Amino acid sequence: MPRFITIGYGDEAGYERTAPEVRKAAHAHDETLKQGGAIMGIAGPPVQVRNPDASGVTTEHGSYLSAALPVAGFALIEAANLDEAIRLVAQWPCAVAHGVIEVWPLNE
């Protein structure tokens, strides 16, 4: 079955202005997907890693890209196709709490 990487963006302000029952339903949806094998996690602080021309590793704390909303979490999900993946993530906390989720097909 095809797999998809998802990146959720959202902030506490958007989360707090979302109705509690909507948030609760979104978290329940997450739990159902986890029980079905989805791998999900909350994003920790990023580290950039570089090794140009294999000349030596350098690291830098912080994200490489910037966005209007911070990265909130990541997931690896299975879905029959992109449309199903979109349907699955449309009920996640970031999607319903004024954030956004990117869905990236994983070409294996």
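Here's what I pulled together on the structure shown here. Predicted, not measured: the structure shown is a model, and the values here were computed from it.

**Digging into a nonpolar patch on the surface**
Line of reasoning, step 1. Among the surface-exposed residues, Ile5, Trp104 and Leu106 lie close enough to one another that they form a single nonpolar patch of about 260 Å² accessible area.
Line of reasoning, step 2. Mapping Ile5 onto the fold places it in strand β1 (residues 3-9).

**A look at helix α3 (residues 82-89)**
Line of reasoning, step 1. Among the residues making up α3, those that are buried are Ala85, Leu88 and Val89. One side of α3 carries all its buried residues, which in axial view fall inside an arc of 90°. Projecting away from the buried face of α3 at angles above 90 degrees are the exposed residues Asp83 and Arg87.
Line of reasoning, step 2. Tucked inside the fold, the buried residues of α3 contact β1, α2 (20-35), β5 (71-78), α4 (93-96) and β6 (100-106).

**Some points on the sheet that holds β1**
Line of reasoning, step 1. Spatially, the 4 strands line up as an open sheet ordered β2-β5-β1-β6, and their pairing is antiparallel. Strand pairing shows two members of the sheet lacking a second neighbour, β2 (39-42) and β6, which therefore form its edges. The sheet shows a mean angle of 15° between the axes of neighbouring strands, direction not considered.
Line of reasoning, step 2. Relative to β5, β1 is paired through 7 bridges, and the arrangement is antiparallel. Looking at the pairing, Tyr9 lines up with Val71 of β5.

**Structural notes on the pairing of β5**
Line of reasoning, step 1. Bridge count for β2 against β5 is 4 bridges, and the pairing is antiparallel. Within the sheet, the bridge partner assigned to Met40 lies in β5 and is Ala75.

**Some remarks on the side chain of Thr6**
Line of reasoning, step 1. Examined against the element boundaries, Thr6 turns out to sit in strand β1.
Line of reasoning, step 2. Of the residues examined, Thr6 reaches a relative accessible area of 1% and is grouped as buried.
Line of reasoning, step 3. In contact with Thr6, other than residues within four places in its own chain, are Gly73, Phe74, Ala75, Ile77, Val89, Trp92, Ile101, Glu102 and Val103.

**Comments concerning the nonpolar core**
Line of reasoning, step 1. Grouped together as the largest cluster of nonpolar side chains are 12 residues: Phe4, Leu33, Ala38, Ala75, Ile77, Ala79, Ala85, Leu88, Val89, Trp92, Cys94 and Ile101.
Line of reasoning, step 2. Sorting the residues of this core by element identifies β5 and α3 as the ones contributing at least two each.
Line of reasoning, step 3. Top contributing element to this core by residue count: α3, with 3 residues.

**Observations regarding unusual backbone geometry**
Line of reasoning, step 1. A positive phi angle is found at Asp53, which is not glycine, with a value near 55°.
Line of reasoning, step 2. Here Asp53 shows up in the loop between β3 (47-50) and β4 (58-61).
Line of reasoning, step 3. The phi torsion at Ala54 lies on the positive side, around 55°, for a residue other than glycine.
Line of reasoning, step 4. Tracing the chain through its elements places Ala54 in the loop between β3 and β4.

**Regarding the packing of aromatic side chains**
Line of reasoning, step 1. What the rule picks out here adds up to 0 aromatic pairs.
Line of reasoning, step 2. Sitting over the face of the ring of Tyr15, Arg23 holds its NZ or CZ atom 4.7 Å from the ring centroid.

Criteria and cut-off values
Residues numbered from 1 in each chain as written. Predicted model: local features only at pLDDT ≥ 70, side-chain atom pairs only at ≥ 80, totals over all residues. Heavy atoms only, no water. Patch = residues over 30% accessible without salt bridge, like charges linked within 9 Å, V, L, I, M, F, W, Y side chains within 5 Å. Areas by Shrake-Rupley, 256 points an atom, 1.4 Å probe, with all protein chains shown as cover. Salt bridge = Lys/Arg side-chain N within 4 Å of Asp/Glu carboxyl O. Helix = DSSP H or I, 4+ residues; strand = E, 2+ residues; numbered from the N terminus. Buried < 20%, exposed > 50% of the residue type's maximum accessible area, 1.4 Å probe, protein only. Arc of directions from axis to C-beta. Contact = heavy atoms within 4.5 Å. Pairing = 2+ DSSP bridges. Axes fitted to C-alpha atoms, helices over the stretch in contact; angles between N-to-C directions. Core = buried A, V, L, I, M, F, W, Y, C linked by side-chain atoms within 4.5 Å. Phe/Tyr/Trp six-rings, centres within 6.5 Å; stacked < 30°, edge-to-face > 60°. Lys NZ or Arg CZ within 6 Å of the ring centre and 35° of its normal.

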